[in-house]
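Okay, here's what each chain looks like letter by letter:
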Amino acid sequence: MKLALGKVLRARGVTQTKLADAVGLTTGYVSLLVSNNRKPSHEVLLSIADYLGVSVNDLLDPDDPALPAAPESRTGNDLDDEIIAHLDLLTEPEKQLLLAAARGFSAQRKGEGE
């Protein structure tokens, strides 16, 4: 997982030190995250996204080849059933991460409709 944290920090006008202080991390650790030399825990990723007012998805680098390819297009009950089947396989922290991403998507949709 490759992060786009540096881009998000610059876009928000937030320094690494300010982020570190706000979410209870060391500046050195934040620097490692920005340079993609460390992978954050789910909890840290959620805290960072919450503080910056972005979705977890916004923190991920869209050009990361490790991200899965977009799935084939499906609609209706088949897609709902597949999503539900995958939920049963997730850990609680993964479910929290997924919920944060879903909330981010919903917030973006609400912003598009205004």
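Residues numbered from 1 in each chain as written. Predicted model: local features only at pLDDT ≥ 70, side-chain atom pairs only at ≥ 80, totals over all residues. Heavy atoms only, no water.

Undergrad: Quick question: what am I supposed to make of the overall build of the protein chain here?
TA: Helix and strand counts for the protein chain come out as seven helices and zero strands. Listed by position from the N terminus, the elements making up the protein chain come as α-α-α-α-α-α-α. Sequence separation of at least 24 residues holds for 61% of the intrachain contacts in the protein chain that already meet a minimum separation of 6. Summed over its atoms, the accessible surface of the protein chain is roughly 7800 Å², and 53% of this surface lies on carbon and sulfur atoms. (Helix = DSSP H or I, 4+ residues; strand = E, 2+ residues; numbered from the N terminus. Contact = heavy atoms within 4.5 Å. Areas by Shrake-Rupley, 256 points an atom, 1.4 Å probe, with all protein chains shown as cover.)

Undergrad: Whenever I open this one, the layout of surface pockets confuses me. Can you help?
TA: It is a probe the size of a water molecule, rolled over the atoms, that shows where empty space is left. In this structure, the second largest pocket occupies an estimated 250 Å³ of space. Breaking the lining of the second largest pocket down by element, the ones donating at least two residues are α4 (42-52), α5 (56-59) and α7 (92-112). No other element matches α7, which puts seven residues into the lining of the second largest pocket. Its residues placed into classes, the lining of the second largest pocket shows seven nonpolar, five polar and three charged. (1 Å grid on protein atoms, 1.4 Å probe; cavity = no way out; pocket = protein on both sides within 12 Å on 5 of 7 lines; lining within 4 Å. Points joined across faces, edges and corners; volume = space filled by probe spheres on them. Nonpolar A, V, L, I, M, F, W, Y, C, P; charged D, E, K, R; others polar.)

Undergrad: Where do I start with the packing of helix α2 (residues 16-23) against helix α3 (residues 27-34) in this structure?
TA: A pair of packed helices is captured by two measures, namely the crossing angle of their axes and the spacing between those axes. Remark: α2 packs on α3, axes separated minimally by 8 Å, with the N-to-C direction vectors making an angle of 115 degrees. You can see that α2 and α3 cross each other, and the crossing is right-handed. Where α2 approaches α3, its residues Gln16, Thr17, Leu19 and Ala20 are matched on the opposing element by Thr27, Val30, Ser31 and Val34. Residues of the contact of α2 with α3, tallied by class, amount to four nonpolar, four polar and no charged. (Axes fitted to C-alpha atoms, helices over the stretch in contact; angles between N-to-C directions. Left-handed = near helix turned anticlockwise from the far one by under 90°.)

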